[in-house]
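The lines below spell out each chain.
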Amino acid sequence: NVRSDLSGLFTPKDAVIQAGSRIYTSDDFKREFEAYRRQMAQQNQQITPDEAVAQGLDQQMLQAFAQRESMYEVLHKIGVWPSDKLVVDQIAKVKAFFDPVTGRFDQKTYLQLLAQNQLTPAVFEKSQRDELAYSQFMTAAAAGLKPPRLYGALVGAYLYENRNLTLF
């Protein structure tokens, strides 16, 4: 497939952020920007888009999103990626998606709440997968993650080669 071979060479027209294979579009940014404004309004802190831009909030958010997308791309590249079952289990634990009568996860409530927040299941599930990957990695790091010896040998060999090249 020629498209996949050349995908790293071109940035899609609508990409605000491209971190490896991850594409963050203008629609993604608008959705998160508006969600932030709604959250501020709930706290009785109204802010117009023009005020946000004047305060540099858009640039701060863009920088934070770029760092987040880069981190998630790195986690994916090193193989930290939760299974589909784990993602589904995580979503099924969100109380907001429960039917108030049965007390169980309700697909209809799930879809309605996502629509109210301008989210699709694919976008929400991607964010859940990213958060789980981050959580898994940080838990392992806090517990004293020890990579296999072979990994350490490969890193050491790479660093040694790198030092030799810099001497020349």
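Predicted model, so just to flag it, every value in this text is computed and none were measured.

We now examine the packing of aromatic side chains. Per the stated rule, a full pass over the model turns up eight aromatic pairs. Here the aromatic rings of Phe 29 and Phe 65 are separated by 5.9 Å at their centres, their planes lie at 70 degrees, and the arrangement is edge-to-face. Note that Phe 29 is positioned in helix H2 (residues 26-42) and Phe 65 in helix H4 (residues 57-77), a separation of 36 residues in sequence. On the basis of relative accessibility, which here comes to 15%, the residue Phe 29 falls in the buried class. Here Phe 65 falls in the buried class, since its relative accessible area comes to 9%. When the centroid spacing of 5.7 Å and the interplanar angle of 90 degrees are considered together, the rings of Phe 97 and Phe 124 count as edge-to-face. Highlighted residues: Phe 97 in the loop between helix H5 (84-92) and helix H6 (107-116) and Phe 124 in helix H7 (residues 121-142), separated in sequence by 27 residues.

What follows is about the confidence of the model for the chain. When pLDDT is averaged along the chain, the result is 83, and 79% of the positions lie at 70 or above. Every residue in residues 1-7 is under pLDDT 50, and counting partners more than four places away or in other chains gives one contact. Segment residues 162-168: pLDDT under 50, and zero contacts once partners within four positions in sequence are set aside and those in other chains are kept.

For the rest of this paragraph, the subject is the nonpolar core. Counting residues in hydrophobic clusters, the biggest one holds ten residues: Ile 17, Tyr 24, Phe 29, Phe 33, Met 40, Ile 47, Ala 52, Leu 57, Met 61 and Phe 65. Secondary-structure elements contributing two or more residues to this core are H2 and H4. Non-local contacts of Phe 65, meaning those with residues more than four positions away in its chain, are made with Ile 17, Tyr 24, Phe 29 and Glu 32. By size, the runner-up hydrophobic cluster in this structure holds seven residues, among which are Ile 91, Tyr 110, Leu 114 and Leu 132.

Attention now goes to the pairing of strand E2 (residues 22-25). Look at any regular strand and the pattern is simple: side chains alternate between the two faces of the sheet. Across four bridges, the pairing between strand E1 (residues 15-19) and E2 is antiparallel. When the bridges of E2 are listed, Ala 15 appears paired with Thr 25. Counting the residues between successive antiparallel strands, the hairpin from E1 to E2 contains two residues, one of them, Gly 20, with a positive phi of roughly 60 degrees.

Criteria and cut-off values
- Residues numbered from 1 in each chain as written.
- Predicted model: local features only at pLDDT ≥ 70, side-chain atom pairs only at ≥ 80, totals over all residues.
- Heavy atoms only, no water.
- Phe/Tyr/Trp six-rings, centres within 6.5 Å; stacked < 30°, edge-to-face > 60°.
- Helix = DSSP H or I, 4+ residues; strand = E, 2+ residues; numbered from the N terminus.
- Buried < 20%, exposed > 50% of the residue type's maximum accessible area, 1.4 Å probe, protein only.
- pLDDT = per-residue confidence, 0-100.
- Contact = heavy atoms within 4.5 Å.
- Core = buried A, V, L, I, M, F, W, Y, C linked by side-chain atoms within 4.5 Å.
- Pairing = 2+ DSSP bridges.

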